[in-house]
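# Close look at the chain arrangement
Residue strings, one per chain:
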Amino acid sequence: MAKRKPLKDCIVKPGEKSPFANLLVDLAFKKAFDPDKPSSRENLVNLLNDLLEPQLKRPIKNVWTRNVAKNLSGSRESRTAIFDLHCEDDMGNLIEIEVQIRKQDHFLKRLAFYASEIIANQAEPGDEWDYDIKPTYVIALTQHTMFDDDRIVHRATVTDLDTGEQFLDTFNFTAIELSKVPFFIEPGSSSLRKWLFFLRFLDKLKELPAELDEKKFEQLTERSKVS
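Quick summary incoming for the structure in this document.

Turning next to the layout of surface pockets. In this structure, the second largest pocket encloses a volume near 160 Å³. Forming the walls of the second largest pocket are Leu56, Lys57, Arg58, Asp89, Asn93, Leu94, Ile95, Pro135, Tyr137 and Asp169. Residues of the lining of the second largest pocket, tallied by class, amount to 5 nonpolar, 1 polar and 4 charged.

Take the pattern of salt bridges next. Taken as a whole, this structure holds 15 salt bridges when the rule is applied. Note that Lys206 and Glu16 form a salt bridge whose closest N and O atoms lie 3.8 Å from each other. Placement of the pair is Lys206 in the loop between helix 4 (191-201) and helix 5 (215-223) and Glu16 in the segment before helix 1 (26-32), with a sequence separation of 190 residues. A relative accessible area of 28% places Lys206 in the partly exposed class. By relative accessible area, Glu16 is classed as partly exposed at 37%. A salt bridge links Lys204 to Asp203, with the shortest nitrogen-to-oxygen separation between them at 3.4 Å. Here the residues in one salt-bridge network are Asp50, Lys194, Glu214 and Lys216, joined through shared partners.

Here we come to empty space enclosed by the protein. As enumerated under the stated definition, the model contains 1 cavity of 30 Å³ or more in all. In this structure, the largest cavity occupies an estimated 40 Å³ of space. In terms of lining residues, the largest cavity is bounded by Phe29, Leu47, Leu48, Leu51, Val99, Ile139, Leu141 and Leu199. Counting only elements with at least two residues in the lining of the largest cavity, the list comes to helix 2 (38-52) and strand 4 (136-142). With 3 residues, helix 2 is the single largest residue contributor to the lining of the largest cavity. Looking at the lining of the largest cavity residue by residue, the classes come out as 8 nonpolar, no polar and no charged.

Ranked by size, the top nonpolar core spans 45 residues in total, and within it Phe29, Phe33, Leu48, Leu85, Ile97, Ile176 and Phe198 carry the most contacts. For this core, the elements supplying multiple residues, two or more each, are helix 1, helix 2, strand 1 (60-65), strand 2 (83-89), strand 3 (94-101), strand 4, helix 4 and helix 5. The contact partners of Phe33, leaving out residues within four places of it in the chain, are Ser40, Asn43, Leu44, Leu47, Phe83, Trp195, Leu199 and Leu220. Counting residues in hydrophobic clusters, the runner-up holds 8 residues, among them Phe107, Ala115, Ile118 and Phe173.

The next thing to look at is the pairing of strand 5 (residues 153-159). Inspection of the sheet shows strand 5 paired to strand 6 (residues 166-177) by 7 bridges, in the antiparallel sense. Bridge pairing links Arg155 to Thr174 in strand 6. The hairpin turn running from strand 5 into strand 6, its antiparallel successor, is 6 residues long, and Gly164 in that turn takes a positive phi close to 80 degrees.

The next point concerns the packing of aromatic side chains. Inspection of every chain in the model, using the stated rule, returns 11 aromatic pairs. Their ring planes at 15 degrees and their centres at 5.9 Å tell us that Phe183 and Phe197 sit as a pair that is stacked. With Phe183 in the loop between strand 6 and helix 4 and Phe197 in helix 4, this residue pair connects regions lying 14 residues apart in the sequence. Taking relative accessible area as the criterion, Phe183 reaches 37% and is therefore assigned partly exposed. Judged by its relative accessible area of 0%, Phe197 is buried. Measuring from centroid to centroid gives 5.2 Å for Phe197 and Phe201, while their planes differ by 50 degrees, and the two rings are tilted. Remark: Phe201 and Phe197 occur in helix 4; sequence separation between them is 4 residues, near one turn of the helix. As far as burial versus exposure is concerned, Phe197 and Phe201 are alike and both buried.

Before going further, it helps to spend a moment on unusual backbone geometry. One non-glycine residue, Tyr131, lies in the positive phi region at around 60 degrees. Of note, Tyr131 is situated in the loop between helix 3 (107-120) and strand 4.

Cut-off values and rules
- Residues numbered from 1 in each chain as written.
- Predicted model: local features only at pLDDT ≥ 70, side-chain atom pairs only at ≥ 80, totals over all residues.
- Heavy atoms only, no water.
- 1 Å grid on protein atoms, 1.4 Å probe; cavity = no way out; pocket = protein on both sides within 12 Å on 5 of 7 lines; lining within 4 Å.
- Points joined across faces, edges and corners; volume = space filled by probe spheres on them.
- Nonpolar A, V, L, I, M, F, W, Y, C, P; charged D, E, K, R; others polar.
- Salt bridge = Lys/Arg side-chain N within 4 Å of Asp/Glu carboxyl O.
- Helix = DSSP H or I, 4+ residues; strand = E, 2+ residues; numbered from the N terminus.
- Buried < 20%, exposed > 50% of the residue type's maximum accessible area, 1.4 Å probe, protein only.
- Core = buried A, V, L, I, M, F, W, Y, C linked by side-chain atoms within 4.5 Å.
- Contact = heavy atoms within 4.5 Å.
- Pairing = 2+ DSSP bridges.
- Phe/Tyr/Trp six-rings, centres within 6.5 Å; stacked < 30°, edge-to-face > 60°.

Geometry only, nothing functional implied.
Structure, rendered in structure tokens:
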């Protein structure tokens, strides 16, 4: 296998076109990370585990599309997720995940609304439902700057105000401001940092650079090519 070039030699020059799609376009994201196709399901599992690693109790091993039974609000805007997902961890526990590429208006309130719908849709008809709600995660990718700080990723859950410990695992939020991701990457960067660079700048590259020379990124580029 040929040795990969450094990032500076892999950037598309003026007049050139990248062979890769912009992953922040809905159709490209869905093709690259389709949970219902074996060839792309592994890409989605890798992405979710690396984005949620500080929040997950166990790593995700399987994922499939969650068929939303009802739209509780009746609003067209209330069901704009890229993915609604059932996920199973390595101990067989189920969690629910929704992935959004979000608009700027009422950003945080939208996340709370989406999480509430995921939970409400778990309710079973009748009087015997025991409220055994599965942990829910909402991942929101935004190309706008939402927070007045230098942090790219903001994470939140429900905590005890006195101890700071998690009060319950029902609501978990991950907000990622891709507008803050700088256009450079180092070989020793964390998996999260590499993913953030990959998601924002893949369509600015003509080939995968040495800084991203990992199997999970290599196989994902094959699903990210412009057709």
